[in-house]
Amino acid sequence: MDKITEEILHEITDWDGVFSGAYSLRENGECISFQNSDHIRIVKKDDKPGIDIYISGKAQNETVYIPACVTKSDVHDLVYNDFHVQSGANVTIVAGCGVHTDAEEGSNHNGIHRFFLESGSHVVYKEKHIGIGEGGGKRVIDPVTYAEIGDGALLEMETLQLGGVDETTRDTSAILKNNAGLIIHESIMTDNEETAVTKFSVDMEGEDSNVDLISRSVAKGNSYQEYSSAINGKCRCKGHSECDAILVGNGRVNASPALNASSTDANLIHEAAIGKIAGEQIIKLMTLGLSEEEAEERIIAGFLGA
Amino acid sequence: MLKLENITLNLPEKDNLLRDVSLSINPGKLTVITGPNGGGKTSLAKIIAGLYVPTSGRIILDDEDITQMSITDRAQKGIAYAFQQPVSFKGINVRTLMGIAAGGEMSEMRMCRILEKVGLCARDYMDREMDSHLSGGEMKRIEIATVLARGAKYIVFDEPEAGIDLWSFTSLIQAFESLKDYEEVALLIISHQERILNIADEIVVIRDGNITQNGTREEVFPTLMKNNSDNYCPKGKEMF
Ligand SMILES: Nc1ncnc2c1ncn2[C@@H]1O[C@H](COP(=O)(O)OP(=O)(O)O)[C@@H](O)[C@H]1O
Ligand SMILES: [Mg+2]
């Protein structure tokens, strides 16, 4: 395995030399190794790049890893991964992607993930994105996520991008059936000239479905972030979105959250706040003995859940 | 010893917030500052912790002039300050905050002991975020606990009684007494609470930016009741 791949794996998963259980490891546009478990089966697609992941209802508290690594310049990776989660399954999926460039050409990873959660299943999806390397080439990660969440199923997504990704466009959409739940925690930090665009669209079609969308961003340097969300309540349902951003230096954030209710029983709430770090927070931590810089770091790390 | 010498504070928005205030705070002693709202008590606390720099006058800590010293450096020299209005943080939990205060990770046992002093159970609160989900009273107690965690030599508490129930208050009073008696801490507490005034060694009254009284509890305490009968709270707890 490539040294850089090892470094990336270390950063984006809790990998320490081996993955126990099911996994599929992608490096520079190819699946370089994979493993099934008793209840999780990984099958290569034959019509396009990517895999189908079949998760049986017997899978309980299991983790499957599907990291993708790009280790050099001029790699343009496009992959389709579909997760078929049977009724009653309870699993954690650790995805994530690292892009390393070492020359002037850029590299990108474009992962298209679809989740089909059958009734009563529970998936925790963790995804961490990083960009590394000295090359001037742009590191680009453009994930597309689509989820169909069946009756009483729950999808929890935790996505984290902490730096080094020059450009990202994230597109997340979901459809929720009766009693289905979707919880999204997204944290993005950009610096220098980086840009991040993130879009969410959630359709609550089933009675008593609910979504909780929490987005935290920190824009430093000259970076720019754009956030948009559309939460569509078509029945008796609950939607909550919260978009908080901290600006440092010349960072800019543009947030446009939308709530669309087409039923009188849809209960939708949005909260948003953009601004610099509250001065009193820095001062409080300084009175506890931290320097101004340390205080800022702690506040940002806590805010992003990093 | 922490000495304030002829402190005057003018802020762009407000002149004469403090006028020629001199005061010293001694290890093993509890000084209580009291006086009407808006008198300048919190401003004085902020001057000590370095949040405000005085317009004139000097602050001397153990023979060193710290008047221009940063908040961080003062904290590291052993000055701690529990805010009147606690600050909330999104994403920072009680455990982390107390760790920062203690200068490193803190054992659960120690956290338990400290939170107990403010009437909170560590198990219930360690992992709670310091955000708007906590009530005002809970925030206030955690604020006090973080300051207790610092192990500082000079501690200022700004109206610690706010939001604390009667039962927890007893244990807080004990905590204050043990700080001064066993740990030789110099305590400065801004308070209107009779039970805190009762354990004071010195009482200082600040009105309109001036110290109007400064003496031992025996000297000052009886006059408080007399001078302020018009402001006297019928419940017998609050005197201003
Ligand atoms: N930063 C500030 N800018 C303007 N006015 C202030 C500022 N800080 C305090 N004050 C005013 O100074 C007076 C004293 O405030 P403070 O020290 O908080 O009093 P206390 O704690 O005794 O109630 C009040 O009238 C308050 O509104
Ligand atoms: Mg005050």
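Not measured: the values here are computed from a predicted model.

Our focus in this paragraph is the nonpolar core. With 96 residues, the main nonpolar core has Leu285 of chain A together with Leu2, Met98, Leu115, Ile155 and Phe157 of chain B as its most contacted residues. If one sorts the elements of this core by residue count, helix α6 (residues 136–149) of chain B sits on top with seven residues. Taken domain by domain, this core gets at least three of its residues from each of domain 1 (3–276) and domain 2 (277–306) of chain A. Judged by nonpolar contacts, the second largest core, of 41 residues, contains Val123, Leu155, Val202 and Cys235 of chain A.

This part takes up the packing of helix α4 (residues 108–117) of chain B against α6 of chain B. Residue and element names in this part refer to chain B. The geometry of α4 relative to α6 is characterised by a closest axis approach of 9 Å and an angle of 130° between their N-to-C directions. The angle between α4 and α6 places the two elements in the oblique class. Taken as a pair, α4 and α6 cross one another with a handedness that is right-handed. Together, Arg110, Ile114, Leu115 and Lys117 of α4 and Ala145, Leu148 and Ala149 of α6 make up the contact between the two elements. Here the contact of α4 with α6 is built from residues that sort into five nonpolar, no polar and two charged.

Residue and element names in this part refer to chain B. Mapped onto the secondary structure, Ser171 falls in helix α7 (residues 166–182). On the basis of relative accessible area, Ser171 is assigned to the partly exposed category, the value being 22%. For the pair formed by Ser171 and Val118, sequence separation is 53 residues and the distance between their alpha carbons is 6.9 Å.

This part covers the interface of chain A and chain B. The interface is formed by 19 residues belonging to chain A together with 22 residues belonging to chain B. Both faces considered, chain A and chain B share a buried interface measuring about 1,700 Å² in area, 66% of it formed by carbon and sulfur atoms. Our count for the chain A to chain B interface comes out at three salt bridges. Lys90 of chain B serves as the salt-bridge partner of Asp244 of chain A, at 2.6 Å between the closest nitrogen and oxygen. Residue assignment for the side of chain A that touches chain B shows that the elements contributing at least two residues are β20 (237–247), α2 (279–287) and α3 (292–304) of chain A. Ranked by residue count, the leading element in the side of chain A that touches chain B is α2 of chain A, at seven residues.

So, on to the packing of aromatic side chains. In total, this model carries nine aromatic pairs over all chains according to the counting rule given. Ring centres of Phe83 of chain A and Phe115 of chain A lie 4.6 Å apart, and the angle between their planes is 5°; on these two criteria the pair is classed as stacked. With Phe83 of chain A in strand β7 (residues 76–85) and Phe115 of chain A in strand β10 (residues 107–117), this pair connects stretches of sequence that are 32 residues apart. Each member of the pair, Phe83 of chain A together with Phe115 of chain A, is buried. The lysine or arginine in question, Lys48 of chain A, covers the ring of Tyr80 of chain A, its NZ or CZ lying 4.5 Å from the ring centre. Positioned above the aromatic ring of Phe83 of chain B is the side chain of Lys284 of chain A, whose terminal nitrogen or guanidinium carbon lies 4.1 Å from the ring centre.

Below, the discussion takes up the confidence of the model for chain B. Low-confidence regions, as indicated by low pLDDT, have predicted coordinates that should not be scrutinised in detail. Residues and elements named next belong to chain B. Summary statistics for chain B give a mean pLDDT of 92 and a share of 94% for residues scoring 70 or more. Low confidence marks residues 232–240, where pLDDT is under 50. Its contacts with residues over four positions away, or in another chain, come to 25 contacts. On the interface metric, ipTM, the complex scores 0.93, and its pTM is 0.87.

Here we come to the site of ligand 1. All names here are of chain B. As a structural note, the neighbourhood of ligand 1 is formed by 13 residues, with Gly38, Lys41, Thr42, Ser43 and Tyr52 the closest of them. Between ligand 1 and the protein, one listed contact pairs a nitrogen atom with a side-chain N or O atom of Glu13 at 3.2 Å. Tyr52 places a side-chain nitrogen or oxygen 3.0 Å from a nitrogen atom of ligand 1. Here ligand 1 loses 68% of its free accessible area of 560 Å² to cover by the protein chains. For the shell around ligand 1, the secondary-structure elements that each account for two or more residues are β2 (14–25) and α1 (41–49). Sorting elements by how many residues they give to the shell around ligand 1 places α1 first, with three residues. Across the shell around ligand 1, the residue classes tally to four nonpolar, six polar and three charged.

All names here are of chain A. Alternating residues of strand β9 (residues 97–100) divide into Cys97 and Val99 and Gly98 and His100, and every residue in both groups is buried. Direction of pairing for strand β6 (residues 68–70) relative to β9: parallel, over a ladder of three bridges. Bridge assignment links Ala68 to a residue of β9, and that residue is Cys97. Direction of pairing for β9 relative to strand β11 (residues 122–132): parallel, over a ladder of four bridges. Pairing of Gly98 across the sheet is with Ile130, part of β11.

Okay, the domain arrangement of chain A next. Residues and elements named next belong to chain A. Taken domain by domain, chain A comprises domain 1 (3–276) and domain 2 (277–306). Taking the mean C-alpha position of each, domain 1 and domain 2 sit 28 Å from one another. Listed per partner, the contact involves 16 residues of domain 1 and seven residues of domain 2. Of the roughly 880 Å² buried between domain 1 and domain 2, counting both surfaces, carbon and sulfur atoms make up 75%. When residues of domain 1 are sorted by the area they lose upon contact with domain 2, Arg216, Ile246 and Lys276 head the list and together hold 47% of the total. Inspection of the domain 1/domain 2 interface yields three residue pairs in polar contact (both at pLDDT 80 or more). Going through the elements one at a time, β14 (154–163), β16 (181–190), β18 (209–219) and β20 are the ones with two or more residues in the side of domain 1 that touches domain 2. Counting residues per element, the side of domain 1 that touches domain 2 draws most heavily on β20, which supplies four residues. For the side of domain 1 that touches domain 2, a count of residues per class yields nine nonpolar, three polar and four charged.

Residues and elements named next belong to chain B. With antiparallel pairing, the four strands of this open sheet are ordered in space as β2-β1-β4-β5. Looking at strand neighbours, the two that pair on one side only are β2 and β5 (64–65), the edges of this open sheet. Sitting on the sheet, α1 touches β1 (2–11), β2 and β4 (56–61), and the angle it makes with β2 is about 65°.

On to α1 of chain B. All names here are of chain B. Among the nine residues that make up α1, seven are buried, leaving the element largely enclosed by the rest of the structure. Residues Lys41, Ser43, Leu44, Ala45, Ile47, Ile48 and Ala49 constitute the buried set of α1. Residue Gly50 follows α1 closely and has a positive phi angle near 95°.

What counts, and at which threshold
Residue indices follow the written sequence of each chain, beginning from 1 at its first position. In the order they appear in the text, chains get letters beginning with A and ligands get numbers beginning with 1. For this predicted model, a pLDDT threshold of at least 70 governs which residues receive local features, and a threshold of 80 or more governs which side-chain atom pairs are given and counted, while totals over whole chains, interfaces and linings are taken from all residues. Each side-chain value is derived from all of the structure's non-hydrogen atoms; neither hydrogens nor water enter the calculation. What makes a nonpolar core is a set of buried Ala, Val, Leu, Ile, Met, Phe, Trp, Tyr and Cys residues whose side-chain atoms join them at distances within 4.5 Å. Each residue is placed in one exposure class: buried if its accessible area under a 1.4 Å probe, protein chains only, is under 20% of its type's maximum, exposed if it is over 50%, and partly exposed if it falls in between. The way it works is that DSSP assigns letters per residue, a run of H or I at least four long becomes a helix, a run of E at least two long becomes a strand, and they are numbered from the N terminus. Marked domain ranges trace back to an automatic or database domain assignment. Throughout, an axis means a line fitted to C-alpha atoms (over the contacting stretch in the case of helices), and angles, computed between N-to-C directions, take values from 0 to 180 degrees. Every angle not falling under 35 degrees, over 145, or within 65 to 115 is termed oblique; those three ranges are roughly parallel, roughly antiparallel and roughly perpendicular. Each helix crossing is assigned a hand: it is left-handed if the near helix lies turned anticlockwise from the far helix by less than a right angle, otherwise right-handed if that turn is clockwise. Pairs of residues are marked as contacts when any of their non-hydrogen atoms sit within 4.5 Å. Residue classes follow a fixed rule: Ala, Val, Leu, Ile, Met, Phe, Trp, Tyr, Cys and Pro count as nonpolar, while Asp, Glu, Lys and Arg count as charged, and any other residue, Gly among them, counts as polar. By definition, the buried area sums, over both parts, the 1.4 Å-probe accessible area that each loses when the two are put together. In what follows, salt bridge is the name for a side-chain nitrogen of Lys or Arg lying within 4 Å of a carboxyl oxygen of Asp or Glu. Between the rings of Phe, Tyr and Trp (Trp by its six-membered ring), a pair exists once the centres lie within 6.5 Å; its type follows the angle of the planes, with under 30 degrees stacked, over 60 edge-to-face, and the other angles tilted. Two conditions define a charge located above a ring, namely a distance within 6 Å from the ring centre to NZ of Lys or CZ of Arg, and an angle within 35 degrees of the ring normal. Per-residue confidence from the predictor is reported as pLDDT, a score between 0 and 100. What makes a residue near a molecule or strand is one non-hydrogen atom of that residue sitting within 4 Å of it. Counted as a polar contact is a pair of N or O atoms within 3.5 Å, where, for protein atoms, one must be capable of donating a hydrogen and the other of accepting one, and residues adjacent in sequence contribute only when both atoms are in side chains. Method for areas: the Shrake-Rupley scheme with a 1.4 Å probe, in which residue coverage is limited to the protein chains shown. A pair of strands counts as paired when DSSP detects no fewer than two bridges linking them.

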